[in-house]
Amino acid sequence: MEFKAFIEITRPHNCALAGVVGVLGSIVAVGHLPDALTTALVFLVVTLGCAGGNTINDYFDYEIDKINRPDRPLPRGAMGRRTAIYYSLLLFAVGLVFAYMINVYAFLLALVAYAAMFLYAWKLKPLPFVGNLVVASLTGATPLYGAVSVEHLGLAGYLAVCAFLVNVAREVIKDIEDIEGDLAKGARTLPIVWGKRNAAYLGAAFAVLTVVASFLPITAGVGLGYYAMVPVDLIILYAAYLILRSQEREAAHSSQKLLKVSIFLAVMAFLVAALV
Ligand SMILES: CC(C)=CCC/C(C)=C/CC/C(C)=C/CC/C(C)=C/COC[C@H](O)COP(=O)(O)O
Ligand SMILES: CC(C)=CCC/C(C)=C/CC/C(C)=C/CC/C(C)=C/COP(=O)(O)OP(=O)(O)O
Ligand SMILES: [Mg+2]
């Protein structure tokens, strides 16, 4: 057992980014940073939920990851599978305690989101496109979580739409990348059921929809500083081009990684636009 596996299995980069997105949702909802306690609680509930979701995901993906991701903690033997499931349940439980400290709506939304992550990992992932929609909905729910925590919506809805669309694109393209392991385990992902090329068209279409949606806040009067999104949109369009040009594993990997970079840069742009 490696101690660092307890950090690694949670995918801390995703969790930290998700936590920032939760707080960003609160900021764009009320137009300023909420009080320190609410900010900390929103960050913790989203981060712990994302950590629990990633951990339970690796628990159920053990056979697939032995082929696709043999370097991950469970397939390489750095953590036992029983330890992983208890660890994920602990992360979810602590997250729910913090959610209860925010307000009843924040507690209920966390309960639904945590249950959805468990259900995705346990049963929904192999369903063509349904699994992709569940993950994308969870990422879209993240800025909404911040808004629910401050009991106001504001521009958080726009963030949610962008988060949903870009993650549908990324999840479909990740399935194109993972088709070998998914085939071996009999998972019926979209590229397997519909063909890699059709899946690539769908992924690219959602990437283009993300670019269109990224200008929604301007219709709400967000200022010129928002044009920092233009380079982000160019990266998204290039990711769409890559997956249309080739559906081989390497092209799909580059495309989905570029979308992840665009998510990080977009979140930073939104954060600067909201705080400056
Ligand atoms: C225009 C534009 C791109 C706006 C950004 C919208 C926005 C706020 C996106 C944030 C979405 C979010 C909550 C991201 C958290 C981290 C994340 C990528 C979660 C989804 O992870 C699922 C994925 O399958 C994990 O795979 P991997 O990243 O390879 O470990
Ligand atoms: C709204 C609240 C309270 C929490 C949301 C928490 C967040 C940000 C969830 C985003 C989606 C997410 C990280 C879900 C966890 C499960 C997961 C890692 C799905 C993707 O896994 P796979 O589809 O197996 O892809 P991998 O190959 O990366 O394992
Ligand atoms: Mg997985």
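Residues numbered from 1 in each chain as written. Chains lettered and ligands numbered in written order. Predicted model: local features only at pLDDT ≥ 70, side-chain atom pairs only at ≥ 80, totals over all residues. Heavy atoms only, no water.

The protein chain appears in an unreviewed UniProt entry as Digeranylgeranylglyceryl phosphate synthase from Thermococcus celericrescens. UniProt annotates the protein chain under Catalytic activity (unreviewed entry) with the comment "sn-3-O-(geranylgeranyl)glycerol 1-phosphate + (2E,6E,10E)-geranylgeranyl diphosphate = 2,3-bis-O-(geranylgeranyl)-sn-glycerol 1-phosphate + diphosphate". (UniProt positions renumbered as here; feature names shortened; annotations may be inferred.)

A.B. asks: I'm lost on the overall build of the protein chain in this one. Help?
C.D. replies: Within the protein chain one finds 14 helices and zero strands. For the protein chain, the sequential pattern of α-helices and β-strands runs α-α-α-α-α-α-α-α-α-α-α-α-α-α. Since a compact globule built from 276 residues should have a radius of gyration of about 19 Å, the 18 Å found for the protein chain is in line with a globular shape. Expressed along its principal axes, the backbone C-alpha trace of the protein chain runs to roughly 50 × 45 × 30 Å. Looking at the 276 residues of the protein chain, the share that counts as buried comes to 52%. Counting only contacts in the protein chain whose residues sit at least 6 apart along the sequence, the fraction spanning at least 24 positions is 74%. Here the protein chain displays about 12,300 Å² of accessible surface, and carbon together with sulfur accounts for 70% of that area. Computed over 20 positive and 18 negative side-chain charges, the separation of the two mean positions in the protein chain equals 4 Å. (Helix = DSSP H or I, 4+ residues; strand = E, 2+ residues; numbered from the N terminus. Rg over C-alpha atoms; globule rule 2.2 N^0.38 Å. Buried < 20%, exposed > 50% of the residue type's maximum accessible area, 1.4 Å probe, protein only. Contact = heavy atoms within 4.5 Å. Areas by Shrake-Rupley, 256 points an atom, 1.4 Å probe, with all protein chains shown as cover. Lys, Arg positive; Asp, Glu negative; His and termini not counted. Charge placed at Lys NZ, Arg CZ, Asp CG, Glu CD.)

A.B. asks: Please clarify how the site of ligand 1 should be interpreted in this entry.
C.D. replies: Neighbouring residues of ligand 1: 23 residues in total, closest Arg-11, Arg-170, Glu-171, Lys-174 and Lys-260. Within the side chain of Asn-14, one N or O atom sits 3.2 Å away from an oxygen atom of ligand 1. In the model, an oxygen atom of ligand 1 is placed 2.7 Å from a nitrogen or oxygen of the Lys-174 side chain. In isolation ligand 1 offers 780 Å² of accessible surface; the protein chains occlude 94% of this area. At seven residues, the largest contribution of residues to the shell around ligand 1 is made by helix α8 (residues 156-177). Among the residues forming the shell around ligand 1, the class breakdown is twelve nonpolar, six polar and five charged. (Near = heavy atom within 4 Å. Polar contact = N/O pair within 3.5 Å; in protein donor to acceptor, adjacent residues only side chain to side chain. Nonpolar A, V, L, I, M, F, W, Y, C, P; charged D, E, K, R; others polar.)

A.B. asks: How do you make sense of the site of ligand 2 when you look at a structure like this?
C.D. replies: Taken together, 20 residues are adjacent to ligand 2, and Arg-11, Asn-54, Tyr-120, Lys-125 and Lys-174 come closest. In this structure, Asp-61 approaches ligand 2 through a side-chain N or O atom, which is 2.7 Å from an oxygen atom. A distance of 2.5 Å separates an oxygen atom of ligand 2 from a polar side-chain atom of Tyr-120. Taking 730 Å² as the accessible area of ligand 2 by itself, protein coverage stands at 95%. For the shell around ligand 2, the secondary structure elements donating two or more residues are α3 (36-60), α6 (104-124), α7 (130-149) and α8. Sort the elements by how many residues they give to the shell around ligand 2 and α7 lands first, with five residues. Residues that form the shell around ligand 2 fall into these classes: eight nonpolar, five polar and seven charged.

A.B. asks: In this structure, what is going on with the UniProt feature "transmembrane region" (unreviewed entry) in the protein chain? I would like to understand it.
C.D. replies: When the UniProt feature table is mapped to this numbering, "transmembrane region" (unreviewed entry) covers residues 12-34, 40-62, 106-122, 152-169, 198-218, 224-246 and 258-275. Between the end C-alpha atoms of residues 106-122 the distance is 24 Å, and the span holds 100% helix and 0% strand. Summarising residues 258-275: 100% helix, 0% strand, and an end-to-end C-alpha distance of 26 Å.

A.B. asks: What exactly am I supposed to notice about the nonpolar core here?
C.D. replies: The nonpolar side chains of soluble globular proteins are, as a tendency, buried together. Formed by 40 residues in total, the largest nonpolar core has its most connected members in Ile-243 and Leu-259. Contributions of two or more residues to this core are made by α2 (12-30), α7, α8, α11 (196-213), α13 (229-245) and α14 (249-275). Residue assignment places this core across two domains, with domain 1 (1-153) and domain 2 (154-275) each supplying three or more. Ranked by size, the runner-up nonpolar core spans 39 residues in total, among them Ile-85, Tyr-87, Leu-91 and Tyr-145. (Core = buried A, V, L, I, M, F, W, Y, C linked by side-chain atoms within 4.5 Å. Domains from an automatic or database assignment.)

A.B. asks: Just to check I follow, could you spell out the environment of Ser-137 for this structure?
C.D. replies: Note that Ser-137 resides in helix α7. C-alpha separation for the pair Ser-137 and Val-168, spaced 31 residues apart in sequence, amounts to 8.5 Å.

A.B. asks: How should I be thinking about the side chain of Asp-65 in this particular structure?
C.D. replies: Relative to the assigned elements, Asp-65 resides in helix α4 (residues 62-68). One polar contact links Asp-65 to Arg-72, side chain to side chain, over a distance of 3.4 Å. Setting aside residues up to four positions removed in sequence, Asp-65 forms contacts with Asp-58, Pro-70, Arg-72 and Pro-75.

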